[in-house]
Each structure stands twice: as C-alpha cells, then as structure tokens.
2 protein chains.
Amino acid sequence: MTTLDREVAQRLRDRDVRYTRGRRAVVAALAAADGPRSAAELSAALGAAVPVSSLYRTLAVLEGAEVLEPHFAAKGVTRYELAEWLTGHHHHLICIDCGAVEDVAIPQPQEAQVRRLVEDIAAAGAFTALDHALEIEGRCARCA
Amino acid sequence: MTTLDREVAQRLRDRDVRYTRGRRAVVAALAAADGPRSAAELSAALGAAVPVSSLYRTLAVLEGAEVLEPHFAAKGVTRYELAEWLTGHHHHLICIDCGAVEDVAIPQPQEAQVRRLVEDIAAAGAFTALDHALEIEGRCARCA
DNA sequence: ACTATAATGAGAATCGTTCCCATGATTATG
DNA sequence: CATAATCATGGGAACGATTCTCATTATAGT
C-alpha cells in the first residue's frame, strides 16, 4: 500500500466512503498517468476489471470526496486527475491536435508571480479567487 | 451592418465561406452575449430561425474560419465566443457556484509577464505554445 | 437565366454519460 | 456467526449533446 493509497484511504474513511477494489484500481490508474484521463482512457487501461457504469460512478464518488478533480479542456469529454492536495499544484499543456494533456509544475518564484497576478485580477473584478489554472494550448512534441 | 459584421464578412470572404442569414444570426447572438454561450443557449435565443443541425454546423464553420473560439469550462457542453482578434485578448473568471463565466482583460505589462511565463514553460516541456488561458475559479459577487 | 457549388434542414445515428434495478459485498447488531 | 441494514456493483436501458446523411434550396459566376 503506497503513501498515496493511505492518504486516499484516510480521506474516504473520514467521509464514510468505502475504498473498494474498483476504486483502488481507478486511483492506481490515475496515479500511474502523467496527466488527466477520460473515462474511456481509464476504461481501456483497466479493462473488464471495472465496467463502464461502475467506472463513471466511481469517478463521481471520488470527485465528491475531493480525491479527484475534473478537468474540461477537450471537446465533450471530462478528464480526471488526482486532486492537487495529493499531487501538488501544477498547470497543463494541451495539444490542440491530439488533445493530449500533460502536467507541468512551474518553479516556485514563477508560481508566486502567477498567484499575485490572479489576486490582482480577481480583486479588480469583485471576484473571490479560490483556484487558478494556466492552460497552455499548443502542439506536443509528437504532433509538432 | 456593424463594424464587427464587416470584419467577420471580410474574414469569411477571404476563406471563400458565405456569410449567410443563419451565420449572421449566430454572430449577432454571440456579439450580444457577455460571455461564452452553448449551442443550447444559442438555440433558445435564436428560436426556429436557426434549426439545431444548422446551428451546430454553423458553429463548426465559424470555428474553422477562426471567427469563434470554443471554450470548455463546464461538463459536457462546448460554449463559443467571438475570437480574440475580434474582441481582444482576455481571461476568464469562472464561478464555481453558478457556473457563470465572465471575461476579464488584464493590463498590458502583466499580460506580457504571463506570455513570457508561458513561453518558458512550453520551452521546458518541448511544447510549441500557441495560446494560453488563465482561468480563475472562485466565487462571483452574486454568489459570494 | 443557367449551371456549378455551397448551404440548409429534418431526422437518423453516434458518443459520452447517467440512471435503474436486481444482485453481491461489507459492516454493524443481536 | 447469523442476520439485518447499508453500501457498492454491473448490465443494460435511457438521455442529452453533437455529428452525420441526404435530398432540397439558395447563391455566385458565367
């Protein structure tokens, strides 16, 4: 049982949600991924071990427990990734050709810069900023 | 005929795409909106004047001509807004409670900062950056 | 006007996702 | 350790958003 697993287990216990085999499989698959994954992608990775209807339900449950965060960068599909309290804050590189989404962390001083900027903008707009995402669209190495 | 209409007309002429009644109606509806709109929302606004199948085709055509930009901030639906070359570069404030998306422009020096940052990150990831979006999630004045 | 080409509109088809419900697993209780 | 009571599962039907198909109609260029 990895540290991640233990943290997730704890969180689910706190919420009175069971950490079953299927749910573990989904968390493991997302932990192994290097970016957000859609239900279809997860289904392909997991095979018959987690049937579609269970997979969707599991994703919804884990999102509700704030173990996963949904991500909407591509047309029509929702991708999920482990929440930032498990993996650390990061941004996304989104390929406009193949739709792949890759995580990138940025150096602390620059992240601080972004955070300051976000605060300023929100303040100017009478908005309470809670989170931010810098999404960079372009072409990945494979599609270049 | 507004200035916007003239610019769109020119762009479409350049691409050998006709600027028909239905297409004008869609552009006008988006011009009147203060943020991205989904096909369903546009359909409600336009009524029978633009049937669904035509509406979707029109959105695809206008996106292809780079008159519209798709936006994916909510589960399952694509919203469109006029492209930035028509309206100016801006970012989004997304309310996590009511889902509203509001446009915000940020001051030039800060925008330059963001752009520099984006270039650095992309370079580090062997990625060709074409565009970026700073999406700020939080609570709007109404939901605060 | 005539013709070639592009655009339209109605409905069928598709895709991602959610819902339903009977069955199976887990936990708390006697 | 049996037994409810509860929660989770899985198969398939249902759904909503979007795309496709194709016969019809509008448009631009001759």
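Rules and cut-offs
- Residues numbered from 1 in each chain as written.
- Chains lettered and ligands numbered in written order.
- Predicted model: local features only at pLDDT ≥ 70, side-chain atom pairs only at ≥ 80, totals over all residues.
- Helix = DSSP H or I, 4+ residues; strand = E, 2+ residues; numbered from the N terminus.
- Buried ≥ 20, exposed ≤ 12 C-beta atoms within 10 Å, placed from the backbone.
- Contact = placed C-beta atoms within 7 Å.
- Pairing = 2+ DSSP bridges.
- Near = placed C-beta within 6 Å.
- Nonpolar A, V, L, I, M, F, W, Y, C, P; charged D, E, K, R; others polar.
- Least-squares fit on C-alpha atoms with pLDDT ≥ 70 in both.
- Core = buried A, V, L, I, M, F, W, Y, C linked by C-beta atoms within 7 Å.
- Axes fitted to C-alpha atoms, helices over the stretch in contact; angles between N-to-C directions.
- Expected span 1.5 Å × (residues − 1).
- Arc of directions from axis to C-beta.

Now for the overall build of chain A. Counting secondary structure elements, chain A contains 6 helices and 6 strands. Starting at the N terminus and walking to the C terminus, you meet the elements of chain A as α-α-β-α-α-β-β-α-β-β-α-β. Counting only residues that meet the buried cut, chain A has 27% of its 144 residues in that class. Within chain A, contacts between residues at least 6 apart in sequence are counted, and of these 52% link residues at least 24 apart.

Residue and element names in this part refer to chain A. Most of strand 4 (residues 91-95) is tucked away: 5 of the 5 residues are buried. Of the two faces of strand 4, the one holding H91, L93 and C95 and the one holding H92 and I94 are both buried throughout. Looking at chain direction, strand 4 and strand 5 (residues 101-104) are connected through 4 bridges and run antiparallel. Opposite H92, over in strand 5, you have D103 as the bridge partner.

Bringing the protein's contact with DNA strand D into the picture now. Every one of the 23 residues lining DNA strand D counts as a neighbour, but A:T20, A:G22, A:S53, A:S54 and B:Y56 are closest to it. Of all elements in the fold, only helix 2 (21-32) and helix 4 (52-64) of chain A together with helix 3 (39-46), helix 4 (52-64) and strand 3 (77-82) of chain B reach the threshold of two or more residues within the surface near DNA strand D. A per-class count over the surface near DNA strand D returns 9 nonpolar, 10 polar and 4 charged.

It is worth spelling out the relation of the copies chain B and chain A at this point. Superposing chain B onto chain A takes a rotation of 179° combined with a translation of 0.1 Å along the rotation axis, leaving an RMSD of 0.8 Å. Given the turn and translation reported, the copies of this chain are related as if by a two-fold rotation axis. A high fraction, 100%, of the interface residues of chain B reappear at the interface in chain A, so the copies pair face to face through one surface.

A few words now on the nonpolar core. Ranked by size, the top nonpolar core spans 31 residues in total, and within it A:I94, A:I121, A:I136, B:I94, B:A122 and B:I136 carry the most contacts. Among the elements of the structure, strand 2 (68-74), strand 4, helix 6 (108-124) and strand 6 (128-139) of chain A together with strand 2 (68-74), strand 4 (91-95), helix 6 (108-124) and strand 6 (128-139) of chain B are those that each provide at least two residues to this core. If we ignore the near neighbours within four places in the chain, the residues touching B:I136 are A:V118, A:I121, A:A122, A:A129, A:H132, B:H91, B:H92, B:L93 and B:I94.

Surveying the vicinity of DNA strand C reveals 23 residues, the closest of which are A:Y56, B:T20, B:G22, B:S53 and B:S54. Mapped by element, the contributors of at least two residues to the surface near DNA strand C are helix 3 (39-46), helix 4 and strand 3 (77-82) of chain A together with helix 2 (21-32) and helix 4 of chain B. Classifying every residue of the surface near DNA strand C by side-chain character gives 9 nonpolar, 10 polar and 4 charged.

Moving on to the sheet that holds strand 4 of chain B. Read across the sheet, 6 strands follow the order 5(A)-4(A)-6(A)-6(B)-4(B)-5(B) without closing on themselves; strand pairing throughout is mixed. With one partner strand each, in any of the chains shown, strand 5 of chain A together with strand 5 (101-104) of chain B form the two edges of the open sheet. Across the sheet, the axes of successive neighbouring strands diverge by a mean angle of 30°, strand direction being ignored. Here helix 6 of chain A sits on the sheet in contact with strand 6 of chain A together with strand 5 and strand 6 of chain B, set at roughly 120° to strand 6 of chain A. In the packing of helix 6 of chain B onto the sheet, contacts are made with strand 4, strand 5 and strand 6 of chain A together with strand 6 of chain B, and the angle to strand 6 of chain B comes to roughly 120°.

Further remarks concern helix 2 of chain A. Since one α-helical turn is 3.6 residues long, residues separated by three or four positions face the same way. All names here are of chain A. For helix 2, built from 12 residues, the straight-helix expectation of 16 Å at 1.5 Å per residue is met to within 8% by its first-to-last C-alpha distance of 16 Å. Of all the positions in helix 2, only R23, V26, V27 and L30 are classed as buried. Seen along its axis, helix 2 keeps its buried residues to an arc of 95°; they face one direction. Facing away from the buried side of helix 2 by over 90 degrees, the exposed positions are R21 and A32. Packed against the buried residues of helix 2 are helix 1 (3-14), strand 1 (37-38), helix 3, helix 4 and strand 3.

Looking now at the interface of chain B and chain A. The partner chain A presents 38 residues to the 37 residues of chain B that form the contact. Sorting the residues of the side of chain B that touches chain A by element identifies strand 2, strand 5, helix 6 and strand 6 of chain B as the ones contributing at least two each. With 12 residues, strand 6 of chain B is the largest single contributor of residues to the side of chain B that touches chain A. Residue classes in the side of chain B that touches chain A are distributed as 23 nonpolar, 8 polar and 6 charged.

What follows covers the sheet that holds strand 3 of chain B. Residue and element names in this part refer to chain B. The 3 strands lie next to each other as 1-3-2, forming an open sheet whose pairing is antiparallel. At either end of the open sheet lies a strand with only one pairing partner, and these are strand 1 (37-38) and strand 2. Sheet analysis places strand 2 next to strand 3, joined by 5 bridges and oriented antiparallel. Paired with H71 across the two strands is R79, which belongs to strand 3.

Turning our attention to helix 1 of chain A. Its 12 residues place the ends of helix 1 of chain A 17 Å apart at the C-alpha level, agreeing with the 16 Å of an ideal helix rising 1.5 Å per residue. Phi turns positive one or two residues past the end of helix 1 of chain A, at A:D16, with a value near 55°.

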